[in-house]
Every structure is written in structure tokens, then in C-alpha cells.
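# Structural overview
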Number of protein chains: 2
Amino acid sequence: MKARRLLSFIPLPNWLRAYSPEQLPDDLAAGFITAALLIPQGIAYAILAGLPAEVGLYASIVPPVVYALLGSSRTLSVGPVSVAALLVADALATGGTVRGGADYLVDAMLLAALSGVMLLAMAALRLGFLVNFISHPVLSGFTSGAAVLIILSQLDNLTGMGMPSTGSGFDMVGGALRQFSGLHFPTLLVGGSAFVALLLCKAPLVHGLRRLGMTVRRAALISRTGPLLVLVVLTMTVVLFDLHDHGVAIVERIPAGLPTFTLAFLNADRMLPLLAPAFLIALIGYVESVSVAKVLGYRRREKIDSDRELAALGGANLAAAFAGGMPVAGGFSRSMVNYAAGARTQLATIVAALLVALAALFFTSAFFYLPTAALAAIIILAVAPLFDWRGAMRTFRYDRADAAALLITFVGVVAIDIEVGLSLGVAIAIVVFLWRSSRPHLAVVGRLAGTEHYRNVERYQVTTWPELLLLRVDRSLFFANVNYVEDAVAHAAAAQPELKHLVIICSAVNAIDHSAVEALGQLSSNLRAAGITLHLAEVKGPVMDRLKRSKLIEQLAPGQVFLSTQAAVERLAGDSEQGKVNGEW
Amino acid sequence: MKARRLLSFIPLPNWLRAYSPEQLPDDLAAGFITAALLIPQGIAYAILAGLPAEVGLYASIVPPVVYALLGSSRTLSVGPVSVAALLVADALATGGTVRGGADYLVDAMLLAALSGVMLLAMAALRLGFLVNFISHPVLSGFTSGAAVLIILSQLDNLTGMGMPSTGSGFDMVGGALRQFSGLHFPTLLVGGSAFVALLLCKAPLVHGLRRLGMTVRRAALISRTGPLLVLVVLTMTVVLFDLHDHGVAIVERIPAGLPTFTLAFLNADRMLPLLAPAFLIALIGYVESVSVAKVLGYRRREKIDSDRELAALGGANLAAAFAGGMPVAGGFSRSMVNYAAGARTQLATIVAALLVALAALFFTSAFFYLPTAALAAIIILAVAPLFDWRGAMRTFRYDRADAAALLITFVGVVAIDIEVGLSLGVAIAIVVFLWRSSRPHLAVVGRLAGTEHYRNVERYQVTTWPELLLLRVDRSLFFANVNYVEDAVAHAAAAQPELKHLVIICSAVNAIDHSAVEALGQLSSNLRAAGITLHLAEVKGPVMDRLKRSKLIEQLAPGQVFLSTQAAVERLAGDSEQGKVNGEW
């Protein structure tokens, strides 16, 4: 018992502390399958980011292990991801760092370090709630836009036409149109075959294997190793037909070895322009990781701790910076593969990382003739599902303002700039929310005959009284909506010349800020000048506790705070049966 | 009847269309009394703005008449106001326009024109709701800060010490300390006597007159003409003792005449730097005017139309620009004097404007020996009540976050810059609101024994069930709080191992945005993976109408939407009497 308690102070991950040997076979198997996906993905995303291929491998070794030791998810797989790679390419292109130049790798490491420090700071300062302000529609528009940009950036590798692979969507489409005559048919042939073969590896392959009598699970596993097979076949094709001599781009030499610890990227001068993109990488990486972790976490009733996720992802990114890599995050497809392959704990991630390390040490020569067109096909197929057309349609049907935020984010990301697009979307979502909060739903209510229920006079046949007005406010009262409520009260009061008592029903008012308290006090004295007494009814407990700290209760007098609307009517409507029933509708 | 209908299309103000001769004597009397206040105030605020004295008179002639014809308030008095004068002085000092130089007046007119156009545009585009985002505490901090700056800016005139009268509070206090030896005793004597005499004109004079048997109303009226008397006496003192030869600053020559229509200020080059201060003048002027108009409006059950107020104030400011003046707004003290003096309609304002015009035409020589120290005393006493110490204390007791917004606005305005201070305050108020909205109040509820009422398990002795969890959300669900709710659900689910049904009670949920719909769908499928079914209960009509447009209802299945919590318990708790009653507390 004491030993256990002591253990809880040593920062060992839960899964390791409670590891049972029976989990080992599953974790080993899942590690192998995940590694088979990690190696080509790592190389592909490094190329997408404009970095040397080995950087993608390095980023798949140390950072996942750091996450495994710090994170709260048992199956999240951390490493290079497509959107972060795009953000690196975009940040460095915008900042003017020359692709392939000496500073390019250093700046990518600096981006990883900065976003790592930011994530750690957010964990320490409990600022994780910041990501809540990226609404679902904005995130959907952003991801769809990023998917389009990534696909456009891979068209060059896929076709060899020599178009630009960075810049806005316009730049790239424009470049493609100008360079169309530059299509390189051998490259296009390799890219196209990779594309078709990878497509066939998905549903058709599973379908075919099942027809041959295989179980779903085994068929799915084989389909997951399909991409590796496609790459092997295409690499052999390149070698057999000397395609690289015919201009088909290949990965070429990846230096064998392991990442070495370095501080080379620490350069204060270069930091300033990279702060904003690093923040974006931190934010988006965290949102992606934590949502994947949550999806996986529920399946095993395992609690995902947001603050620990921030810290773990921050640590992983710092590790990525120090051990010669690029920014990392938890990837959706990779984590799903890990989970589906049967991973029980983060040991599977560690096994996969060790296998990647072995590949980096001994097998990099195997990737020499790997055609980049095939990697482009892998990337395009990996990000295509991120383009969330159905989600956009659902949003459009549900709420036009949310749909507008989605569309503006998407267009902003594709046509203007990634950061501008996301900032625009976030700002619009906040303004829409504030605007809506500033126009709350209000209802004049009356009594349903023979009951103590009070309903909207516009929806029900209810009793009302000439000297009494019951107004229900369906929103918390705060600075941005209190003028609207005041105007509505003035309007309602002016429309009812015999009015003596006005009751605001607060059953849906969850909070009243100080602007609203002052405004209610002012409203009460203004109404009194017109011979009308203001009352409140159905004020919630926590709201009432707080109101008692203000002078509002005194200012209302002789107005009162009634526990229920019924109590207000019994007290204020005189003979409450004298009310008038409005016409049915 | 037809004539009346036709009349309603002619833009005649309501008060004029329905004018009855019996209102005339009251309006005439009120006009005289208001003019007695307007003339010294106009001159004083022009000097505060750094403008020639006659500009203050001109701004009290045409703009009030324009407002009288367009506005919706019957008693609001529009003209030069202290805060707008400060904003003009600050904007022009920051912009580098030389005080007293040829461009200074032109730029002031441009500010009036720009804020006029902005107000008209806000009226046309229905953007009046923008002012809702200036919360009460922020406005209070801003006004208090402005009062401090105004008082500091008048210390030079009051004491003749030669300190700066613009810049931040630090600049002015620093200047005062450096120039302390420059105190000019004759000026200080005049300023000090004005200060004391004006103070005596308030409560002590009313008190004394009442002792002499006068009615409250008459005593109050006489006390209001007191300042004019003080100025007359001090002017005569200056003349008698040749104080101006001893260095006491006087108003000197005010050219006799009326404002002439001019377009001299139209200069595109100078516009750009004045846009932001003009927006501030428009916003603050409108907030001040409309709140005074509302206070007065309620007293006569007269409806203040925000959009018409925007248009009327915009028109008045355009008039101020064209007729050689400075920005105007509805002033609190002036309007209260007008109202208390018995004004029935805007005719009183027009009478006052005519009297100011007469003064500008024929009596400007009377102001030649008026000591500016006396005007400084008038300004200081007029703005001192704007320093809202009690309001700040009330805010502090009620809500620390609101108090922080107030304090930061105040400090920002005084120590940094007026615009920066206000922007900081507005931003903080919005962030605090968003942050609070992102952490809604949640309650696990149970059934009060023997009833169908459901209450917080932490506050009441209630029945709960091991297989059923009832969670009440006390806020609308939207992008910024949905993660918090999701985490709380995951936490609650993990704490109750036998859980099979989780019901979210939506009685206080007034809206669900698309982020929340998507998150609830995801939550439902995540919970199902853990063997828990998600249900909703007490969804409001408008919210349900909208949910039907989404796929959430399908995604919940077999989870249901229950009309009442009781119905959910009857269906889901099995033998609902088997529940466990929690300990009393």
C-alpha cells in the first residue's frame, strides 16, 4: 500500500505502473503494424514540410516515446502529421526561409521548440480552454482548407510539372495552369499507379480477401500493410526500368543514423517571426491530438486529462526540436491503426518507435529509389478525407451563421493565408456568438387556464391582466444584451397603458453581471417614475446569492423578488380570475 | 385623418406636430435657464478642447436645433460636452496638430464631421448594438479616467503654473510637480474663489434660500443661475483691480457674429489619422446621449428610439462641422437642468439656442475680462461627479472580474492613452464573458423524496440511482463550453461504474449551436462504446425545432429525448423506488 502511494509520486505513466505481461503480445503486434505505416508517412510528411526525409523518421522516434511516458491516452500515436507539416512549410515560405537551405531545418526545429514551450506554458497556466474558441465549423473549414492546400502542394510531386508547392491556393492553381505543358509522363505514370493501387488497397482489397474466406479483422490488417507493399513494388519498378534516369524523382540518399541531441536551433533573432506560426501549430496540434485521444479514451472508459495532454504534447514537441525533427501531434489515421491493430498500452508506440529507429539506422538505403510521386499519392489519399463536405452541408442545414464561419475560414485558408483564414473564422464565430447573446429570446407569458403554468402569449391561449405584465427572459443578463432587454421592457410598458406591475421571470437566467444589475436598478427607478413597479420572479439560487451583494433588492422596493410566477400573480393581479384570455390561434 | 397620415410622412418631429400653445410658457422659461448654463459651459468646453471660445458658442446654436428636429427625446439638450472636448484635445495632441495653429480648428471640425457620418452610417446599417459591448464597468472606468484627465488638464488654468494641459495623466502630474514653483498667486486666488463660490451655489445656497422661506423648486432654479452670477462678479473683480495686468489670464476678444457655413475642413489627407478618434467620439457621445435620453424618456413614458437617436446625433455633429464648431453630444447636467426647469418639448432647446445666438452676436464683449481660472473651476466642478468611486466599490463587491475590467480601463485611460484604455477594457470584458460562458454551471440532480422535483445532489437530500445519472446544464451549449460539458460528462461517467443511462437535462439550455450538436453526437457514440446510452430531457421548443434539422436525434438512438426529467426517470430507473438517498448535509 505504501509502496503504491510512493509510486504515485514518481512520474511513471499509469499504463506502465499497472503493466501486466498478458498485454505484451498485443502491444508487440500493434507496434509492428503501426511502424509499417509510420515509416512511409514520416518520410512523406517530412517532404511535405520541405524537410530532408530522415527528419520525418527522427520525429517518429523520440517524440512518441516522450508522449508515451507523459500522456494520458493509452493508444494515441504521436508523430509527424500532415496539417502540422503544411503549417511548417507555410510558415517558413512566408518567413522567406529558403527551402533546402541551411536555415530551413534549423527554423523547423525552432518551430517545434516554440510550440513545445507554448504548450507547456498553456498546461502550467491552465490555458487549455483557449482551444475552445476554435468552434467546430471553424475547425472544419480550416481542416478542409488545409486538405486542399496539401493536395495542391503534392500535385508537383505527383505529376512532375514543376509548379510551385507553397503559397496560397491561387498561386498553386495558377502555377499548375501555367506549367501544364510541363507534365512529366513517366512521373505521372508512377504517381497515377500508386494512386490507383493505394485506392485498391482500401475497401476493394478487404472485400476481395473476405470473399476468399478471411475474417474482417485479418483482412483489415492486411489492407493496412498494403501501402508498404505498393511502395516496395513501385521502388522495384523504378530500379528495374531505370526510371530515375528518365527524370522520375526519387527520395535518394537518406543518411543512416539516429537523431543527435542539438541546440543549434536556439537563435533569438529568428524567434520573433516564428511565434505566431508556432502558436498556430501548438493550438491545431493540440486540438487534433486531444480529440483523437478522447475518441479512443471513451472506448476503454479511460479519462483524458486536458492539462496532461497539453504537457505531454509540449514535451513531445520539445523532444522533436532537440532530437533533430519537426513539430509533432497525435495523428488520427495512425492512432486508429494502432488501436485497431490491438494496442493495449503505449508500449505499442514504443515498439513502433524502436522499429523506426532500426530502419533509420540500417535500412535507409532501401528508400533510395522510392519515387516521391508515390509518396505524394500516399499524402493525397491520407488528407482527402479531411475535406469535410458532408460536415459543411450538415452545418449549413443547421445554422447559416455557423456555415458562414466555416465557409469564410475555408476560403480564407485556401485563398489568402492559413493564419489569416483561421483568425477570421475564430473572430467571426465570437462576434456571431456575442451578437446572438445580445438579442435574447423574450416572451410575454400568461397563465394556462386552470393551471399554474405560464406560457408564451404568442404560442398558447393564456390569461393576461391589464395591470400586470409577465416577461420571461431566456438568457443570462449581461452587458451586451441588457440594453435590448431594457428596450423590450420599455416597449412592452408603453403598449399597455394601465400597467402597474411588471415582473421579469428569471427561470432561464443563469447569471447577471454588474452591468445588468446597474441597468435593472436604473430600469426600476425609471419605471417607477412612470408609475410602474418592477419585480423579479424565479431567480435561481446562485444568482440570488450574488444579487444580495448588490443594492438591487433595495432599489426594487416596493418591487419584490417572488419565488414563483404563480406567487407573483396571486399577489399582483388582484382578483386573478378577472384576467382576459387571448384569442386562440 | 388623411391629413394626419400625410403629415406622418413629412419629417416633422412628434413634439412639433402635436404642439399645444399651453406648453409655450414652460418651454420659454426653460430655454432661458438652460441658455444661462449653456453660454459659460460652451466657452469652457471650447477652451478645454483647445479651441477658440466662440466655437463653444457656435456648437450650442445649430447642432441643438438639428437634434430638436430629428431626435426622439423631448428634453435632451445637445451641445458641447466635457468628455467629447477632452477626446478632441487628446486626438489633436496625439496627431501632432499645433494648439492654436491654423489647422487646429479645421481638424476639430473634421472630427465632428467624421463622427457625424459614422453615426449616420451606424443608424443606416442598424449598428447601434455595437455600443452594447461597452459594459457598464468599462464605461464607468472610462468616465472616471476621463474626469481625472479633464481635472488635471484644468490645473494649469486654475493655478497659472504653466504645466502641460494635454498628454497622459503621468505627463500632467509630472509637469505639475516640475512647475510647482510657477504657481501664480493672483490666478490661484481667482480660481480658488470661483471654486469656493461655485461650491456654495450648490446645496448651501438652496439650503439658505429654503430657510428664507423659498420653495424647493424656486431655490433650485436660483442656485442654477448662481454660476452665471459668480462669473459676473469675478469678471468685474478682474476689471476693478486690473488683474489681467498682473498676469491673470482672461478670455479676451471673442469675435461677434454667427457661425458661417464652411467646407474648409474637407481634407482627405488629414482624415485617416482622425478616423479612430472620431469613432471613439461617436461611440461615447452616443452612449452618453442615449442613456440621458432614456432616463428622461421614462419620466414621461416616452419611447426613445435608438436608431433615430443615432441619426439625430449624427445630424447634429454634421451640423457642428459645417457651422464652424466642435463635436457635440447630449449632456447629462445640461439636460437635467432643461428638464428640471420645466421644458416640455424641444422648443425649449430652440429658445436656448436662439439666446446663445443673440449672445454670440451682441454680447461677446461682455466675456472679454472673464478669467479662464473661473472657467477652469466650472469645468472641474462639472466633471468631478463623473469620477464614480461608489460605482467602482459596488462593482468590486458584486463581481471581481467586472471590477478588474473597470480598474484596467481607468488606469489605461489615465496612465497610457484614452483609446488604449477603452479598447483594453472592452477586450477584457468580452474575454471574461467568453471565459465564463465556457465554464457553465453543471449539477448532478436527484429526486426530492415524494415529489417530482429534481435538485442538485450537493444541496438537497435526494434519491439517485446507480444505473442512471441526471446531469443538468445551466447554460446554452455552444462551441466555447461544449468541451467543458463533455469533460464533465466523461468524469461523471467514469465515477459511476454501473452507469447505463446518462440524461442531460436541458431546462436552462436556450440554444445549441452546431459545434455542440456535433459534440453531443460524438459524445453519444463515445458513451455507447462504453455501454452507456445518452438521453436528453426538457429540451425547449425552439431548441428542439432546430435539433430536428440535425442528425442528433438519430445519433442518440436508442437514447431518447424525454419531455420531463420525471418521464426519463420512470422509463430508465427501472423500479425507481430502489434508488439510494444521499446523506443529509
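In this report, we go over the structure that sits alongside the text.

Conventions adopted
Residues numbered from 1 in each chain as written. Chains lettered and ligands numbered in written order. Predicted model: local features only at pLDDT ≥ 70, side-chain atom pairs only at ≥ 80, totals over all residues. Heavy atoms only, no water. Helix = DSSP H or I, 4+ residues; strand = E, 2+ residues; numbered from the N terminus. Buried < 20%, exposed > 50% of the residue type's maximum accessible area, 1.4 Å probe, protein only. Contact = heavy atoms within 4.5 Å. Buried area = accessible area lost by both parts, 1.4 Å probe. Salt bridge = Lys/Arg side-chain N within 4 Å of Asp/Glu carboxyl O. Polar contact = N/O pair within 3.5 Å; in protein donor to acceptor, adjacent residues only side chain to side chain. Nonpolar A, V, L, I, M, F, W, Y, C, P; charged D, E, K, R; others polar. Phe/Tyr/Trp six-rings, centres within 6.5 Å; stacked < 30°, edge-to-face > 60°. Lys NZ or Arg CZ within 6 Å of the ring centre and 35° of its normal. Least-squares fit on C-alpha atoms with pLDDT ≥ 70 in both. Pairing = 2+ DSSP bridges. Right-handed = clockwise from strand over helix to strand, strands pointing away. Expected span 1.5 Å × (residues − 1). Arc of directions from axis to C-beta.

## Concerning unusual backbone geometry
With an omega dihedral of 5°, the bond running from Ala557 of chain A to Pro558 of chain A counts as a cis peptide bond. Along the chain, Pro558 of chain A turns up in the loop between α24 (552-556) and β9 (561-562). In the Ramachandran plot, Asp242 of chain A falls in the positive-phi region, its phi being about 50° despite a non-glycine side chain. A relative accessible area of 37% means that Asp242 of chain A is categorised as partly exposed. Although it is not a glycine, Glu538 of chain B adopts a positive phi angle of roughly 55°. Locating Glu538 of chain B in the fold gives a position in the loop between β8 (533-537) and α23 (541-547).

## A look at the environment of Glu419 of chain A
All names here are of chain A. As for its position among the elements, Glu419 is in helix α20 (residues 418-437). In the structure, Glu419 is positioned 126 residues away from Ala293 in sequence and 25 Å away in space, judged by C-alpha atoms. Residues within four places of Glu419 in sequence aside, it is in contact with Ala276, Pro277 and Leu280.

## Quick look at the interface of chain B and chain A
Every contact between the two is made by 68 residues of chain B and, on the other side, 68 residues of chain A. A combined buried area of about 6200 Å² lies between chain B and chain A, and 54% of that area is made up of carbon and sulfur atoms. Viewed at the interface, chain A and chain B are joined by six salt bridges. When the shortest N-O distance is used, the salt bridge between Asp487 of chain B and Lys294 of chain A registers 3.6 Å. Connecting chain B to chain A are 19 residue pairs in polar contact (both at pLDDT 80 or more). Going through the elements one at a time, α8 (136-159), α13 (268-299), α18 (389-398), α20 (418-437), α21 (479-495), α22 (514-529) and α23 of chain B are the ones with two or more residues in the side of chain B that touches chain A. If one sorts the elements of the side of chain B that touches chain A by residue count, α22 of chain B sits on top with nine residues. Across the side of chain B that touches chain A, the residue classes tally to 29 nonpolar, 19 polar and 20 charged.

## A closer look at the packing of aromatic side chains
Across all of its chains, the model carries 13 aromatic pairs over all chains by this definition. Consider the rings of Phe479 of chain A and Phe433 of chain B, whose centres lie 6.2 Å apart with planes at 70°: the pair is edge-to-face. Residue Phe479 of chain A is located in helix α21 (residues 479-495), and its partner Phe433 of chain B is located in helix α20; the two belong to separate chains. Taking relative accessible area as the criterion, Phe479 of chain A reaches 5% and is therefore assigned buried. In textbook terms, an aromatic cluster arises when at least three aromatic residues are bridged by ring pairs, as seen for Phe433, Phe478 and Phe479 of chain A together with Phe433, Phe478 and Phe479 of chain B. A cation over an aromatic ring shows up here: Arg400 of chain A above the ring of Phe396 of chain A, its NZ or CZ 4.4 Å from the ring centre.

## Overview of the pattern of salt bridges
One pass over the structure, following the stated rule, counts 20 salt bridges over all chains. Linking Glu518 of chain A and Arg394 of chain B is a salt bridge whose minimum nitrogen-to-oxygen distance equals 3.0 Å. Taken together, the residues Glu518 of chain A in helix α22 (residues 514-529) and Arg394 of chain B in helix α18 connect one chain to another. Given a relative accessible area of 17%, Glu518 of chain A falls into the buried group. Of the residues examined, Arg394 of chain B reaches a relative accessible area of 23% and is grouped as partly exposed.

## Quick notes on the relation of the copies chain B and chain A
At an RMSD of 0.2 Å, chain B and chain A line up after a rotation of 179° and a shift of 0.0 Å along the axis. The superposition operator between the copies reduces to a two-fold rotation axis. Using C-alpha coordinates, one finds that chain B approaches the rotation axis most closely at Ala508 of chain B, a distance of 2.7 Å. Looking at the interface residues of chain B, 100% of them are also at the interface in chain A, so both copies use one shared face.

## Some points on the environment of Gly31 of chain B
Residue and element names in this part refer to chain B. Topologically, Gly31 is positioned in helix α3 (residues 24-48). As a C-alpha pair, Gly31 and Asp171 span 140 residues in sequence and 41 Å in three-dimensional space. Those residues in contact with Gly31 that lie beyond four places of it in its chain are Ala348, Val351, Ala352 and Leu355.

## Thoughts on the pairing of strand β7 (residues 501-505) of chain B
Residue and element names in this part refer to chain B. Of all five residues in β7, five are buried; the element is thus mostly enclosed. The alternating pattern of β7 places His501, Val503 and Ile505 on one face and Leu502 and Ile504 on the opposite face, and all of these are buried. Bridging between strand β6 (residues 468-473) and β7 involves five bridges; their strand directions are parallel. Along β7, the bridge assignment pairs Arg472 with Ile505. Taken together, β6, α21 and β7 form a β-α-β motif whose crossover is right-handed. The handedness of the β7 to β8 crossover, carried by α22, is right-handed.

## Digging into helix α7 (residues 102-124) of chain A
For α7 of chain A, spanning 23 residues, the distance from its first C-alpha to its last is 34 Å, which sits close to the expected 33 Å at 1.5 Å a residue. A positive phi of about 55° marks Arg126 of chain A, the residue just after α7 of chain A.

## Here we look at helix α25 (residues 565-572) of chain B
Residue and element names in this part refer to chain B. By the burial criterion, the buried members of α25 are Thr565, Gln566, Ala568, Val569 and Leu572. Viewed end-on, α25 has its buried residues packed into an arc of 160°, placing them on one side of the element. Where α25 is buried, its residues meet β3 (442-448), β4 (454-456), β6, β7, β8 and β9 (561-562).

## Thoughts on the pairing of strand β8 (residues 533-537) of chain A
Residues and elements named next belong to chain A. In terms of burial, β8 is a largely internal element, five of the five residues being buried. Sheet topology places strand β7 (residues 501-505) next to β8; five bridges connect them, and they run parallel. Residue Leu502 lies in a different strand from β8, and its bridge partner there is Leu534. Inspection of the sheet shows β8 paired to β9 by two bridges, in the parallel sense. By the bridge assignment, Leu536 is partnered in β9 with Val561.

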